[in-house]
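Residues per chain, in single letters:
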Amino acid sequence: MASFSQFGNDLYTGKRSYDIVGRRRLWYVIALAAIVISLAVPWLRGGYQLGIEFTGGSEFTISDVKNTDQNLATNTVEKIVPDEIPRVSQLGQHGIRVQTGQLTDAQTTKVQGALADAYNVNDSEVASTFIGATWGADVLAQAVRGLVIFLALAAVFMALYFRTWKMSLSAMAALLHDLLITAGVYGIVGLEVTPAAVIGFLTILGYSLYDTVVVFDKVRENTAQESHRTFVQSVNLAVNQTLVRSINTSVVALLPVAAILFIGSYVLGAGTLRDISLALFIGIIVGTYSTIFIASPMYAHLRENEPKIKQADSKKQAAAAKRAAVETPAEV
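Right, let's walk through the structure included here. (Residues numbered from 1 in each chain as written. Predicted model: local features only at pLDDT ≥ 70, side-chain atom pairs only at ≥ 80, totals over all residues. Heavy atoms only, no water.)

## Here we look at the nonpolar core
Move 1: Membership of the largest hydrophobic core comes to 54 residues, with the highest contact counts inside it found for Met158, Tyr186, Phe201, Phe216 and Val219.
Move 2: Going through the elements one at a time, helix H2 (24–44), helix H6 (133–162), helix H7 (165–189), helix H8 (195–224), helix H9 (231–241), helix H10 (243–267) and helix H11 (271–303) are the ones with two or more residues in this core.
Move 3: Phe216 has contacts with Met158, Phe162, Met167, Ser170, Ala171, Ala295, Ser296 and Tyr299, leaving out every residue within four places of it along the chain.
Move 4: Counting 16 residues, the second largest nonpolar core, distinct from the first, contains Ile62, Val98, Leu103 and Val111. (Core = buried A, V, L, I, M, F, W, Y, C linked by side-chain atoms within 4.5 Å. Buried < 20%, exposed > 50% of the residue type's maximum accessible area, 1.4 Å probe, protein only. Helix = DSSP H or I, 4+ residues; strand = E, 2+ residues; numbered from the N terminus. Contact = heavy atoms within 4.5 Å.)

This is how it looks when you write it as structure tokens:
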């Protein structure tokens, strides 16, 4: 069996090739279906579950508990604030986090004491935090603003660097694909979207953009040089030549992220580590797909019908047909 390095070498030289660009309609359908699911399911479930950093509210963290039964916290809060539906989660092996809407000072004191009694811990083991709705709204607005600015700057950079808006448009479509699906997973599973998760979203957009730039560099190199290949064939060769690199980079990036996700979620119980690493884990997988199956095929789709490219492709196809006719022995 050929080694993986030989497999990569065959892809680079063109000895072995996968028609990725030619089957672009299939990749479009898969991506569109994933985006529709990512948008529809969270909407049917009532929207995304935003953290209190965005919506405002109260948070109670109970440390060093022996009993991690989350129903204790739910029942305790509902007895004091009947109209409140608390969100309870476990932090590590010995911690409980309780989030509610905005409570008054008196309610906060009662809930804090009742939680200490329910879990049989000292009052000092129950920490409370309050975040105002105005501050939360400002954080949400700044997060959205930061995302828009990032996408705008990335679009301008791509257009200037590659000297064509079509590469920029293809890259932005891939980034939007990554963002919608990654955020959609949060909405589908019911995970809380926190500022740490937003940081993770922005980080994976940067990773996906970097991977796309590497592939587009190879696309530009292949399409600029004279060869017998058509424009679409040159783009497809570039994707095949960088395929092993994209897979290797993704695997190498996923391993430490998976370790951080496991340690943050199950060992330390650190919510910030979990939120960032989960967004990275999902985004790296989705970003690898979009770089290979969305960005480059879309770029080829946008440019293959340009008059100059069509004329060059027609000449190459005619020359290829002429060579085939010469090489084929005449029938006696």
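## Points about H9
Working note: α-helix, 3.6 residues per turn, so residues spaced by three or four point in the same direction.
Move 1: The buried count for H9 comes to 10 of 11 residues, which makes it a mostly enclosed element.
Move 2: Of the residues making up H9, those classed as buried are Phe231, Val232, Ser234, Val235, Asn236, Leu237, Ala238, Val239, Asn240 and Gln241.

## A look at the sheet that holds strand S5 (residues 126–131)
Move 1: The four strands lie next to each other as S3-S4-S2-S5, forming an open sheet whose pairing is antiparallel. Two strands close off the open sheet at either side, each with one partner strand: strand S3 (87–91) and S5. Neighbour to neighbour, the strand axes of the sheet diverge by 15° on average, direction disregarded.
Move 2: Two strands pair when backbone bridges link them, and strand S2 (residues 57–63) and strand S4 (residues 95–100) are joined in this way by six bridges, in the antiparallel orientation. Considered in S4, the bridge of Ser63 is made with Gly95.
Move 3: Along the sheet, helix H5 (residues 105–118) contacts S2, S4 and S5; its crossing angle with S2, the most-contacted strand, is approximately 25°. (Pairing = 2+ DSSP bridges. Axes fitted to C-alpha atoms, helices over the stretch in contact; angles between N-to-C directions.)

## Some details on the layout of surface pockets
Move 1: Considered as a void within the structure, the largest pocket measures approximately 450 Å³ in volume.
Move 2: Lining the largest pocket we find 21 residues, and of these Thr223, Ala224, Phe231, Arg303 and Ile309 sit closest to its centre.
Move 3: Breaking the lining of the largest pocket down by element, the ones donating at least two residues are H8, H9, H11 and helix H12 (307–327).
Move 4: Among the elements that line the lining of the largest pocket, the one with the most residues is H12, at five residues.
Move 5: Tallied by class, residues from the lining of the largest pocket come to seven nonpolar, six polar and eight charged.
Move 6: Around the second largest pocket, the lining comprises 14 residues; the ones closest to its centre are Leu147, Leu179, Ala183, Val193 and Phe201.
Move 7: Counting residues per element, the ones that place at least two in the lining of the second largest pocket are H6, H7 and H8.
Move 8: The leading source of residues in the lining of the second largest pocket is H6, at four residues.
Move 9: Each residue belonging to the lining of the second largest pocket can be placed in one class, and the counts come to 14 nonpolar, no polar and no charged. (1 Å grid on protein atoms, 1.4 Å probe; cavity = no way out; pocket = protein on both sides within 12 Å on 5 of 7 lines; lining within 4 Å. Points joined across faces, edges and corners; volume = space filled by probe spheres on them. Nonpolar A, V, L, I, M, F, W, Y, C, P; charged D, E, K, R; others polar.)

## Observations regarding a nonpolar patch on the surface
Move 1: On the surface, Ile37, Ile188 and Val189 cluster together into a nonpolar patch covering about 240 Å² of accessible area.
Move 2: Along the chain, Ile37 falls in helix H2.
Move 3: Since its relative accessible area comes to 46%, Ile37 is described here as partly exposed. (Patch = residues over 30% accessible without salt bridge, like charges linked within 9 Å, V, L, I, M, F, W, Y side chains within 5 Å. Areas by Shrake-Rupley, 256 points an atom, 1.4 Å probe, with all protein chains shown as cover. Salt bridge = Lys/Arg side-chain N within 4 Å of Asp/Glu carboxyl O.)

## Digging into the pairing of S4
Along a regular strand, successive side chains alternate from one face of the sheet to the other.
Move 1: When you tally the buried positions in S4, you get six out of six residues, the bulk of the element.
Move 2: In the sheet, S3 pairs with S4 via five bridges, with the strands oriented antiparallel. Its bridge partner lying in S4, Leu91 is registered against Gly95.

## Considering the pattern of salt bridges
Move 1: Scanning all chains against the criterion turns up six salt bridges.
Move 2: We note a salt bridge from Asp211 to Arg245, for which the minimum N-O separation is 2.6 Å. With Asp211 in helix H8 and Arg245 in helix H10, the pair connects residues that are 34 residues apart, well separated along the chain.
Move 3: Judged by its relative accessible area of 1%, Asp211 falls in the buried class.
Move 4: In this structure, the salt-bridge partner of Arg220 is Asp217, at a minimum N-O distance of 3.0 Å. Of this pair, Arg220 and Asp217 both sit in helix H8, separated by three residues, roughly a single helical turn.
Move 5: Overlapping salt bridges bring together Lys166, Arg303 and Glu306 as one network.

## Section: the packing of aromatic side chains
Move 1: The final tally for this structure, using the stated rule, is eight aromatic pairs.
Move 2: Residues Tyr186 and Phe201 carry aromatic rings whose centres are separated by 5.4 Å and whose planes lie at 85° to one another, so their mutual orientation is edge-to-face. Taken as a pair, Tyr186 in helix H7 and Phe201 in helix H8 lie far apart in primary sequence, 15 residues in all. Note on accessibility: Tyr186 and Phe201 belong to one class, buried.
Move 3: An angle of 55° between the planes, with centres 5.9 Å apart, marks the rings of Phe231 and Tyr299 as tilted. (Phe/Tyr/Trp six-rings, centres within 6.5 Å; stacked < 30°, edge-to-face > 60°.)

## Things to note about the side chain of Thr230
Move 1: Here Thr230 shows up in the loop between H8 and H9.
Move 2: Judged by its relative accessible area of 10%, Thr230 falls in the buried class.
Move 3: Beyond its immediate chain neighbours, meaning those up to four positions away, Thr230 contacts Asp313, Lys316 and Gln317.

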